[in-house]
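Single-letter residue listing:
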Amino acid sequence: GDSVTQMEGPVTLSEEAFLTINCTYTATGYPSLFWYVQYPGEGLQLLLKATKADDKGSNKGFEATYRKETTSFHLEKGSVQVSDSAVYFCALSRNTGNQFYFGTGTSLTVIP
Amino acid sequence: DSGVTQTPKHLITATGQRVTLRCSPRSGDLSVYWYQQSLDQGLQFLIQYYNGEERAKGNILERFSAQQFPDLHSELNLSSLELGDSALYFCASSPRQGGWGYTFGSGTRLTVV
């Protein structure tokens, strides 16, 4: 079945460090891929998405590229800020489907 | 404000009781999804409604049920509550089915004592 695996946390980085959160997926066909972010006490917010192979999603300095050959959608940011501290979820959805499959989430803490 | 409204924000109840969680989707969205987020299980899909009809079921217990009303708001009913049902329950909505990204509400934190 469809599933998403993302790197275990927690991750702690200093401000302005480079961030990578790994995400790989298992799915038949060509799903859409997403990154969601959850700030403390809030619901999940869509951060970025990509709907086909080689697409790059980007938002707020974060980027992720849909790599079909490695079934990956790694999240990157060149210079993190304290305000980026949150839990990040990788997810997939079939374009014609009803359900999202979420990874377990990766907690990021950025220290000044 | 995401546009998805969930009430109540917090709920504390005793084992064996029944509660109802409410969700109003973002204006124009026809699909409503319910998720349970707990520390040990992560984010689990429970059920989806599209324009009033059930469209998909995930890991939803038989003690739980949901419905979507003509005005598109949805309710999740949890009965015979157990301590293990304590979790954050999120509602999300989307314009259509799948592929478009969800908009999540801020959740209802349920504590069963």
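As the structure is a prediction and not an experimental result, all values here were calculated from the model.

Draft legend 1. Molecular detail of the environment of A:Leu108. All names here are of chain A. With respect to the helices and strands, the residue Leu108 is situated in strand β12 (residues 106–111). In this structure the C-alpha to C-alpha distance between Leu108 and Val11, which are 97 residues apart in sequence, comes to 4.8 Å. Non-local contacts of Leu108, meaning those with residues more than four positions away in its chain, are made with Val11, Leu13, Leu19, Asp84, Ser85, Ala86 and Tyr88.

Draft legend 2. Region of interest: the sheet that holds strand β7 (residues 64–68) of chain B. Residue and element names in this part refer to chain B. If you trace the four strands from one edge of the open sheet to the other, you get β1-β3-β8-β7, paired in antiparallel fashion. Since the sheet does not close on itself, it has two edges, and those belong to β1 (5–7) and β7, each with one partner. Across the sheet, the mean angle from the axis of one strand to that of its neighbour is 15°, orientation sign disregarded. With five bridges joining them, strand β3 (residues 19–24) and strand β8 (residues 74–78) adopt antiparallel strand pairing. Across the sheet, residue Leu21 finds its bridge partner in β8, namely Leu76.

Draft legend 3. Local environment of the state of the cysteines. Residue and element names in this part refer to chain A. Counted under the stated rule, the structure contains two disulfides over all chains. Sulfur-sulfur distance for the disulfide between Cys23 and Cys90 comes to 1.9 Å. Its S-S torsion of about -65° marks the bond between Cys23 and Cys90 as left-handed, since a negative value means left-handed. Of the two residues, Cys23 is situated in strand β4 (residues 23–26) and Cys90 in strand β10 (residues 86–93); the sequence distance between them amounts to 67 residues.

Draft legend 4. Geometry of the layout of surface pockets. Roughly 700 Å³ of internal volume is contained in the largest pocket. Looking at the largest pocket, it is lined by 26 residues, and the ones nearest its centre are A:Gln38, B:Gln37, B:Leu39, B:Leu88 and B:Arg109. Of all the elements in the fold, those that place two or more residues in the lining of the largest pocket are β10 of chain A together with β4 (31–38), β5 (42–50), β9 (87–94) and β11 (108–112) of chain B. In terms of residues, the lining of the largest pocket owes the most to one element, β11(B), which gives four residues. By residue class, the composition of the lining of the largest pocket is nine nonpolar, 13 polar and four charged.

Draft legend 5. Representation of the nonpolar core within the structure. Ranked by internal contacts, the top residues of the largest apolar core, which has 26 residues, are A:Trp35, A:Leu47, A:Leu48, A:Phe73, A:Leu75 and A:Tyr88. For this core, the secondary structure elements donating two or more residues are β2 (11–14), β3 (19–21), β4, β5 (32–38), β6 (44–50), β8 (62–65), β10 and β12 of chain A. By residue number, the principal contributor to this core is β10(A), which donates four residues. Non-local contacts of A:Phe73, meaning those with residues more than four positions away in its chain, are made with A:Cys23, A:Leu33, A:Phe34, A:Trp35, A:Leu48, A:Lys49, A:Ala50, A:Ala64, A:Thr65, A:Tyr66 and A:Cys90. Within the second largest apolar cluster, 20 residues are counted, among which are B:Val19, B:Ile60, B:Leu76 and B:Ala87.

Draft legend 6. Examining the environment of A:Glu15 more closely. All names here are of chain A. Mapping Glu15 onto the fold places it in the loop between β2 and β3. C-alpha separation for the pair Glu15 and Pro112, spaced 97 residues apart in sequence, amounts to 5.3 Å. With residues up to four places along the chain from it excluded, the contact list for Glu15 reads Val80, Gln81, Val82, Val110, Ile111 and Pro112.

Draft legend 7. Inspection of the pairing of β9(B) at higher detail. All names here are of chain B. Within β9, eight of the eight residues are buried, which leaves it mostly tucked inside the rest of the structure. Sheet topology places β4 next to β9; seven bridges connect them, and they run antiparallel. Its bridge partner being in β9, Gln37 is matched across the sheet by Leu88. As paired elements, β9 and β11 share three bridges and run antiparallel to each other. What sits directly across from Ala87, in β11, is Leu110. Strand direction decides the pairing type here: β9 and strand β10 (residues 103–104), joined by two bridges, are antiparallel. Within β10, the residue paired with Ser93 across the bridge is Thr103.

Definitions and limits used
- Numbering of residues starts from 1 in each chain and follows the order in which that chain's sequence is written.
- Think of it this way: whatever chain is written first is A, whatever ligand is written first is 1, and the rest follow in order.
- In keeping with the model being predicted, local features are shown solely for residues with a pLDDT of at least 70 and side-chain atom pairs are shown and tallied solely at 80 or more, while totals for entire chains, interfaces and linings include all residues.
- Each side-chain value is derived from all of the structure's non-hydrogen atoms; neither hydrogens nor water enter the calculation.
- Each helix corresponds to a stretch of at least 4 residues labelled H or I by DSSP, and each strand to a stretch of at least 2 residues labelled E; elements are numbered beginning at the N terminus.
- Here a residue-residue contact requires only that any non-hydrogen atoms of the pair lie within 4.5 Å.
- For two strands to pair, DSSP has to find at least two bridges joining them.
- Angular values range over 0 to 180 degrees, each being the angle between N-to-C directions of two axes fitted as lines to C-alpha atoms, with helices fitted over their stretch in contact.
- Our working definition of a disulfide is a cysteine sulfur pair at a distance within 2.5 Å.
- Grid points spaced at 1 Å and placed over the protein atoms alone form the basis of the search, with a cavity being a set where a 1.4 Å probe fits but cannot get out and a pocket an open set showing protein on both sides within 12 Å along at least five of seven lines. Lining residues have an atom within 4 Å of a point.
- Grid points are joined across faces, edges and corners, and a volume is the space filled by probe spheres set on the points.
- Amino acids outside the nonpolar list (Ala, Val, Leu, Ile, Met, Phe, Trp, Tyr, Cys, Pro) and the charged list (Asp, Glu, Lys, Arg) are all regarded as polar, and Gly is one of them.
- Throughout, nonpolar core names a set of buried Ala, Val, Leu, Ile, Met, Phe, Trp, Tyr and Cys residues whose side chains join them through atoms within 4.5 Å.
- We call a residue buried when its accessible area falls under 20% of the maximum for its residue type, exposed when it is over 50%, and partly exposed in between, using a 1.4 Å probe and counting protein chains only.

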